[in-house]
Amino acid sequence: MGCPRRKTLCFFLIFAPVYLHGALSQEASPAGQRKPFFERLRRLEEQFRRFQEVTLTHLQGLASNYNLSYNIDTRFQSLAQDTQAVALAVNQSQATLQSDLSHLKTWMQKTRRRSRKVDSRLLALGAALSERDRQRTQEGKEREAQRDALSSLALDLRALQDALARLTHLVQGQGARLAALEGQLQVAGPGTVAPGLTPAQPPTLPGHPSPSSPRLQRGRQVLRASPATGDPPQDFAGHPQGTRAPPGPSSQWAWPPESPGETCDVGPVLVFPNASTQNVAFLSPGFASGLRALSVCSWVRMASGHLGTLLSYATEENDNKLVLHGRDSLVPGSVHFVIGDPAFRELPLQPLLDGRWHHVCIIWTSTLGRYWVHVDRRLVATGSRFREGYEIPPGGSLVLGQEQDSMGGGFDSSEAFVGSMAGLAIWDRALVPGEVAKLATGREVPGGAILTLADAQWVGGFVQRANCSCLELCP
């Protein structure tokens, strides 16, 4: 804008001297010569005014263009700031999205791992159900064979009874004949016997034993020992030690329930007040060597209506090397006894749901895969061919109250244990029933325990450690 002004000033400085020079020359010239000069001067003035108008219009256009360019710069600056804000928001959204994707990836991995575990457990459950169906079919066949044998025996006994009835009728007839002969002899002569006569013996039928024969005597003993009609047949099949069926509630072999107040000196007590994933206890240093036999015994009192995870042992190879948990059980009040996932057995522990103290002892040995489950000294479950020849490896993480999805972590609140544990101990051998009974009544603790609650270490959470003289005083 300053350049046109300088041009106008220069033009004015040049034109002014020329104008003054022309005016002076006109004064000196005659009047006839002035008139064309003034006309030219007017034209120059008109041209100058038009030039000024054009110049002013041009300057105004430059000014408007300058304001427009200034507004454009301001808008560009505002747009740049908006672009920076949008870029920052995009970066933040990208970081948040990456974090969410990482969490989703972790959750997917955990879900995939759990789905594999569920699939393997379903396969194992299907195999167990197939084995159970096969065993039931075999038992049905054995019962059919026993029923056929009993039916045959009943037919033999019925035939023997009929034969004995006929023999009894014949004996009675012979007795009547003997009585008649005795009467005739007494009439002939009291105390005398007719010559050539000997005391008559009852005749025997062809094909039937005599009343004094050993076979008939054995038959009578069998009849006297046989049960009354309508009584159920007795099962005289012997059960090997540790595999017999547990006695029922009305069995004469059932022990009377122990009162918690009579059991004292059980050692420390761990209280798990709620289902938080922070409530966990570690047994250190875990298993120092491989186990081919195992006994886990503890006093347990449940504070919820379901069985959580009592114990979990995980290694880098498998997070379910040894687990006692009730989340996946099909029957309420039962737990899955897992040794080397996916192999497991479902154990009935329904008595634990009454909110009272109960003594639980679970025993396993790799020899023939035998296992026994005792609740309050009663044998409630037993079996064989469960992880036969298997060895639980050492070097893992042993946890109480939580189920591990990874070694030392990956807890789930829905699988947590809520309640109290007392006197827990683990042996690397199979306890005998006498040791279990002494342990359950507080009379004696078997020696050789490799881990107890004295080895428990817990981190965080609200797990409480208490010492009480007797169970009825424990929290």
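Look up: the structure comes first, before these words.
In this report, we go over the structure that sits alongside the text. What you see is a predicted model; the values in this text were computed from it and never measured. (Residues numbered from 1 in each chain as written. Predicted model: local features only at pLDDT ≥ 70, side-chain atom pairs only at ≥ 80, totals over all residues. Heavy atoms only, no water.)

This brings us to the overall build of the chain. Scanning the chain from N- to C-terminus turns up four helices and 15 strands. A total of 475 residues make up the chain; the buried ones form 30% of that total. Put simply, 68% of the contacts in the chain that link residues at least 6 apart link residues at least 24 apart. Surface accessibility of the chain: about 29,600 Å² in total, with carbon and sulfur atoms responsible for 58%. (Helix = DSSP H or I, 4+ residues; strand = E, 2+ residues; numbered from the N terminus. Buried < 20%, exposed > 50% of the residue type's maximum accessible area, 1.4 Å probe, protein only. Contact = heavy atoms within 4.5 Å. Areas by Shrake-Rupley, 256 points an atom, 1.4 Å probe, with all protein chains shown as cover.)

Moving on to a nonpolar patch on the surface. A contiguous nonpolar patch, built from Leu-97, Leu-101, Leu-104, Trp-107 and Met-108 and spanning about 510 Å² of accessible area, is present on the exposed surface. As for its position among the elements, Trp-107 is in helix H2 (residues 31-188). (Patch = residues over 30% accessible without salt bridge, like charges linked within 9 Å, V, L, I, M, F, W, Y side chains within 5 Å. Salt bridge = Lys/Arg side-chain N within 4 Å of Asp/Glu carboxyl O.)

The next thing to look at is empty space enclosed by the protein. Inspection of every chain in the model, using the stated rule, returns two cavities of 30 Å³ or more. Lining the largest cavity are Val-296, Ser-298, Val-300, Leu-310, Leu-311, Leu-324, Val-360, Ile-362, Met-421 and Leu-424. Those elements that place two or more of their residues in the lining of the largest cavity are strand E3 (293-302), strand E4 (309-314), strand E8 (358-365) and strand E12 (419-427). The leading source of residues in the lining of the largest cavity is E3, at three residues. (1 Å grid on protein atoms, 1.4 Å probe; cavity = no way out; pocket = protein on both sides within 12 Å on 5 of 7 lines; lining within 4 Å. Points joined across faces, edges and corners; volume = space filled by probe spheres on them.)

Next up on the list: the pairing of E12. Of all nine residues in E12, eight are buried, a share of seventy percent or more. By the bridge criterion, four bridges tie strand E1 (residues 268-272) to E12 in an arrangement that is antiparallel. Pairing of Val-271 across the sheet is with Ser-420, part of E12. Sheet analysis places E3 next to E12, joined by seven bridges and oriented antiparallel. (Pairing = 2+ DSSP bridges.)

With that settled, consider the sheet that holds strand E11 (residues 397-400). Read from one edge to the other, the open sheet built from seven strands follows the order E7-E6-E5-E4-E11-E2-E14, with strand pairing classed as antiparallel. Across the chains shown, the open sheet's two edge strands, defined by having one partner strand only, are strand E7 (344-348) and strand E14 (456-458). Here the average twist between neighbouring strands, direction ignored, is 25°. Bridge count for strand E2 (residues 281-283) against E11 is two bridges, and the pairing is antiparallel. Bridge pairing in E11 places Phe-282 opposite Val-399. (Axes fitted to C-alpha atoms, helices over the stretch in contact; angles between N-to-C directions.)

Another point: the state of the cysteines. Simply put, the disulfide is a covalent bond whose two ends are the sulfur atoms of two cysteines. Across all of its chains, the model carries three disulfides by this definition. Residue pairing for Cys-264: its cysteine sulfur links by disulfide to Cys-470, the two sulfurs lying 1.8 Å apart. The S-S bond linking Cys-264 to Cys-470 shows a torsion near 85°; that makes this disulfide right-handed. Taken together, the positions of Cys-264 in the loop between helix H3 (214-225) and E1 and Cys-470 in the segment after strand E15 (464-467) put the pair 206 residues apart, joining distant regions of the chain. Across the disulfide from Cys-297 sits Cys-361; the S-S distance is 1.8 Å. Of this pair, Cys-297 sits in strand E3 while Cys-361 sits in strand E8, placing them 64 residues apart in sequence. By the burial criterion, Cys-297 is buried, and Cys-361 matches it. (Disulfide = S-S within 2.5 Å.)

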